[in-house]
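Examining the three-dimensional arrangement
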Amino acid sequence: MNNSNTFSLATRAVHAGIRVPHPDYVPTVTPIHPSVTYTYDRMEDLDGVFGGTRQGYVYGRYGNPTVTALEEAVATLEDGEAALAFASGMAAIHTALLAVGARAGSAVVAAQDVYGATYALLDQLLRSQGVTVRFVDATDLEAVESACRELKPAALLVETISNPLLKVADLPALANVAHQYGSALLVDNTFATPCLVQPLSLGTDIVIHSTTKYLGGHGDVLGGIVVTSHAQRAKLFEVLKVTGGNSGPHDAWLVLRGIKTLPLRMQQHNSNGLAVARWLQAHPKVSQVNYPGLASHPQHQVAKGLFGTRGYGGMISFVLSGADQSRVFQFFESLRLCVPATTLGDVHTLVLYPAHSSHRALSPEERSRIGIGDGLIRLSVGIEAVEDIINDLDQALTALD
Ligand SMILES: Cc1ncc(COP(=O)(O)O)c(C=O)c1O
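Note that the structure is a prediction, hence the values are computed from the model and not measured. (Residues numbered from 1 in each chain as written. Predicted model: local features only at pLDDT ≥ 70, side-chain atom pairs only at ≥ 80, totals over all residues. Heavy atoms only, no water.)

A separate point is the packing of aromatic side chains. Each aromatic ring pair is specified by the distance between its two centres and by the angle formed by the two planes. In this structure the tally under the stated criterion is 7 aromatic pairs. Measuring from ring centre to ring centre gives 6.0 Å for Tyr59 and Tyr62, while their planes differ by 80°; the resulting arrangement is edge-to-face. Classification of Tyr62 by relative accessible area gives partly exposed; the value is 33%. On the basis of an interplanar angle of 90° and a centroid distance of 6.2 Å, the ring pair of Phe318 and Phe331 is categorised as edge-to-face. In this pair, Phe318 sits in strand β9 (residues 315–320) while Phe331 sits in helix α13 (residues 325–334), placing the two residues 13 residues apart along the sequence. No difference in accessibility class separates Phe318 from Phe331, as the two residues are buried. Through pairs of rings, three or more aromatic residues link up here, namely Phe318, Phe331 and Phe332. A cation over a ring is seen here: Arg233 above Phe237, with NZ or CZ 5.6 Å from the ring centre. In this structure, Lys241 is placed above the aromatic ring of Tyr62, and the distance from its NZ or CZ to the ring centre is 5.6 Å. (Phe/Tyr/Trp six-rings, centres within 6.5 Å; stacked < 30°, edge-to-face > 60°. Buried < 20%, exposed > 50% of the residue type's maximum accessible area, 1.4 Å probe, protein only. Helix = DSSP H or I, 4+ residues; strand = E, 2+ residues; numbered from the N terminus. Lys NZ or Arg CZ within 6 Å of the ring centre and 35° of its normal.)

A separate point is the nonpolar core. The biggest cluster of nonpolar side chains holds 119 residues, and the ones touching the most others in it are Leu97, Leu186, Ile316, Phe318 and Phe331. Discounting chain neighbours no more than four positions away, the residues touching Phe318 are Leu280, Val286, Gln288, Val289, Phe331, Gly375, Leu376, Ile377 and Leu379. In this structure, Tyr40, Leu46, Val49 and Val58 belong to the second largest nonpolar core, which totals 5 residues. (Core = buried A, V, L, I, M, F, W, Y, C linked by side-chain atoms within 4.5 Å. Contact = heavy atoms within 4.5 Å.)

Another point: the pattern of salt bridges. Tallied over the entire structure, the rule returns 9 salt bridges. Of the charged contacts in the structure, one is a salt bridge between Arg233 and Glu71, with a shortest N-O distance of 3.0 Å. Remark: Glu71 occurs in helix α3 (residues 65–77) and Arg233 occurs in helix α9 (residues 230–243); sequence separation between them is 162 residues. The partner of Arg149 in a salt bridge is Glu145, and the shortest N-O contact between them spans 3.8 Å. (Salt bridge = Lys/Arg side-chain N within 4 Å of Asp/Glu carboxyl O.)

With that settled, the discussion passes to the site of the ligand. Taken together, 15 residues form the shell around the ligand, and within it Gly89, Met90, Asp188, Ser210 and Thr212 come nearest. The separation between an oxygen atom of the ligand and a polar side-chain atom of Ser210 is 2.8 Å. Protein contacts shield 92% of the accessible area of the ligand, which totals 390 Å² for the unbound molecule. Ranked by residue count, the leading element in the shell around the ligand is helix α4 (residues 89–99), at 3 residues. Here the residues of the shell around the ligand sort into 5 nonpolar, 7 polar and 3 charged. (Near = heavy atom within 4 Å. Polar contact = N/O pair within 3.5 Å; in protein donor to acceptor, adjacent residues only side chain to side chain. Areas by Shrake-Rupley, 256 points an atom, 1.4 Å probe, with all protein chains shown as cover. Nonpolar A, V, L, I, M, F, W, Y, C, P; charged D, E, K, R; others polar.)

A separate point is the side chain of Thr212. Relative to the assigned elements, Thr212 resides in the loop between β6 (206–210) and β7 (224–228). The exposure class assigned to Thr212 is buried, which follows from its relative accessible area of 10%. In this structure the side chain of Thr212 is engaged in a polar contact, spanning 3.0 Å, whose partner is the backbone nitrogen of Gly223. Once you skip the residues sitting within four places of it in the chain, Thr212 turns out to touch Gly217, Val221, Leu222, Gly223, Thr343, Leu344 and Asp346.

Here we take up the packing of helix α6 (residues 141–151) against helix α7 (residues 171–180). Viewed as axis vectors pointing N to C, α6 and α7 meet at an angle of 15°, and their least axial separation amounts to 9 Å. Judged on the interaxial angle alone, α7 and α6 are roughly parallel. Between α6 and α7 the crossing geometry is right-handed. Between α6 and α7, the contacting residues are Leu141, Val144, Glu145 and Cys148 on the first element and Ala173, Leu174, Val177 and Gln180 on the second. (Axes fitted to C-alpha atoms, helices over the stretch in contact; angles between N-to-C directions. Parallel < 35°, antiparallel > 145°, perpendicular 65-115°, else oblique. Left-handed = near helix turned anticlockwise from the far one by under 90°.)

It is worth spelling out α13 at this point. Among the residues of α13, Arg327, Val328, Phe331, Phe332 and Ser334 are the ones counted as buried. Viewed along the axis of α13, the buried residues span an arc of 165°, placing them on a single side of the element. In α13, those exposed residues whose orientation departs by more than 90 degrees from the buried face are Ser326 and Glu333. Turning to α13, the residues buried within the fold contact β9, β10 (339–340), β11 (350–352), β12 (376–380) and α15 (386–398). (Arc of directions from axis to C-beta.)

A separate point is the sheet that holds β12. Ordered by their spatial adjacency, 5 strands build an open sheet running β8-β9-β12-β11-β10, and the pairing between neighbours is mixed. Pairing within the sheet leaves two strands with one partner each, and these edge strands are β8 (286–290) and β10. Sheet analysis places β10 next to β11, joined by 2 bridges and oriented parallel. Paired with Val339 across the bridge in β11 is Leu350. Set on the sheet, α13 makes contact with β9, β10, β11 and β12; between it and β9 the angle comes to about 125°. (Pairing = 2+ DSSP bridges.)

So this is what it looks like as structure tokens:
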């Protein structure tokens with residue numbers, strides 16, 4: 001339809017200016033396409049898009065040009081064939097598990113210290129739906145192998161660098177184990193980002209990100225994405241079409257903008273992360289520091305092999321000596337620069353208390369079994385001047401009686 005004056009004002013008001021015919025210029029930045037629906041002059045074309053024989057868009061839940069731009073960008077960064085964007089990291093994880101066959105009668109083997117909501121998704125929701133779920137220490141290859149041999153799981157799910165204990169998964173070895181038993185290896189690469197490692201190149205079948213974190217990078221957007229083969233993406237897409245956890249175009253655009261500075265930001269996160277981890281390790285009020293870049297880290301050699309010279313990221317967790325919840329709260333309330341808030345991967349430094357936030361859904365017994373004690377603090381080191389971050393941590397630790 002054109003905006004011809006043959007239509008009444010009321011009609012023109014609702015149709016005016018919404019379908020820009022091919023402009024003779026190209027915007028250098030991806031536009032945001034808020035349109036939910038798409039129309040074609042020939043019904044045959046619309047039919048072709050619905051039937052998958054022709055490229056195009058028909059309805060927002062089935063795809064959107066801005067979201068496609070994000071998917072192409074992340075697929076490129078992760079060296080994958082294709083990607084599918086979601087409204088959140090959890091929607092991405094859930095859909096990936098369903099697409100590889102997590103259903104009643106099937107099994108999933110997962111790292112025991114995955115992000116709290118991922119743990120709850122498996123332990124509570126999927127279990128209640130008849131999926132057999134086994135949590136294992138993913139750094140113990142024998143334990144992983146034994147669980148896979150027994151259960152032949154649809155999926156083996158791990159985080160490259162785990163949240164919040166910073167354990168590092170030996171991805172090539174895990175891919176071997178998974179494939180030996182016909183399982184798909186799903187890797188949540190949120191903490192590492194493709195700047196540190198591209199798991200698909202190491203045998204992983206499906207890579208997942210909470211784009212809320214480093215990819216977005218500014219704490220202003222919630223999102224998730226899965227990167228995989230064309231064939232797997234098609235399976236995920238069939239699930240997404242009926243579950244509807246897809247990304248909106250405005251959110252996709254914010255992530256796309258964040259990605260433009262991802263490599264630059266990661267350089268600073270890496271160098272600040274290492275400096276802060278070394279400083280914390282030498283502090284008398286800190287009894288343990290988990291950071292893959294420290295020689296004392298149990299999987300330091302694995303991390304070195306995976307990340308090489310690219311760095312070890314900006315995530316640290318550490319234990320305040322002899323601390324309980326009230327001492328941790330006192331430390332948090334003394335901070336002046338670092339922000340106590342429930343996310344990670346932002347440009348500013350963030351602290352989080354896993355026992356009362358990300359891992360609150362776990363019982364105290366489960367938390368202590370997987371090593372998340374009452375003194376554990378997670379630190380997402382930002383890109384500020386490192387001396388300012390250290391000075392703030394120092395004054396807050398000094399303030400502890
Ligand atoms: C490693 C990891 N995976 C997945 C998620 C879930 O992402 P979202 O909050 O975007 O749903 C989080 C959230 O903190 C996370 O840390």
